[in-house]
Amino acid sequence: QVQLVESGGGSVQAGGSLRLSCTASGLIFSNYAMGWFRQAPGKEREFVAAISRSGGSTYYSDSVKGRFTISRDNAKNTVYLQMNSLKPEDTAVYYCAARGWSTATSSVSYNYWGQGTQVTVSS
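Given the structure is predicted, the values throughout are model-derived calculations rather than measurements.

Calculation criteria
- Residues numbered from 1 in each chain as written.
- Predicted model: local features only at pLDDT ≥ 70, side-chain atom pairs only at ≥ 80, totals over all residues.
- Heavy atoms only, no water.
- Core = buried A, V, L, I, M, F, W, Y, C linked by side-chain atoms within 4.5 Å.
- Buried < 20%, exposed > 50% of the residue type's maximum accessible area, 1.4 Å probe, protein only.
- Helix = DSSP H or I, 4+ residues; strand = E, 2+ residues; numbered from the N terminus.
- Contact = heavy atoms within 4.5 Å.
- Phe/Tyr/Trp six-rings, centres within 6.5 Å; stacked < 30°, edge-to-face > 60°.
- Lys NZ or Arg CZ within 6 Å of the ring centre and 35° of its normal.

This part covers the nonpolar core. Membership of the largest hydrophobic core comes to 28 residues, with the highest contact counts inside it found for Met 34, Trp 36, Leu 81, Met 83 and Tyr 94. Where this core is concerned, the elements lending two or more residues are β3 (18–25), β4 (32–39), β5 (46–51), β7 (68–73), β8 (78–83), β9 (92–100) and β11 (117–122). With residues up to four places along the chain from it excluded, the contact list for Met 83 reads Gly 16, Ser 17, Leu 18, Leu 20, Arg 67, Phe 68, Tyr 94 and Val 119. Counting six residues, the second-largest nonpolar core is a separate cluster that includes Phe 37, Phe 47, Ala 97 and Tyr 110.

Pasting the structure below:
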């Protein structure tokens, strides 16, 4: 049974930082590209960042490029999202997701999802 468990969310003031983690079990982690998505109240789920199976390629949405960094540790079955210079518009539930083979920016392409972790940025 595949499980993705996110952690590291919380409340922070604008300009602050948070680091999200997502630990996977029940799958061969290094065989899966990983992505982070977020969903704010009343909005659709949107792509944030993705990383290839080896970690050699990363992709970001324009809204987070230069502020967020995605990374992974295949030995620990964990993907991270370092979020710096946070803005109130980053407030959302953040989800990690796993996709067999290559990276993708569309949520429908991902096979497995975590339960989400809340990030709240106050002004």
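What follows continues from the structure just given.
What follows covers the packing of aromatic side chains. For the coordinates displayed, the defined rule picks out six aromatic pairs. For the pair Phe 37 and Tyr 110, a centre-to-centre distance of 5.2 Å together with 80° between the ring planes defines the contact as edge-to-face. Note that Phe 37 is positioned in strand β4 and Tyr 110 in the loop between β9 and β10 (112–113), a separation of 73 residues in sequence. Positioned over the ring face of Tyr 95 is Arg 45, at 3.9 Å from the centre of the ring. Of note, Arg 53 hangs over the ring of Trp 101, and the distance from its end group to the ring centre comes to 4.0 Å.

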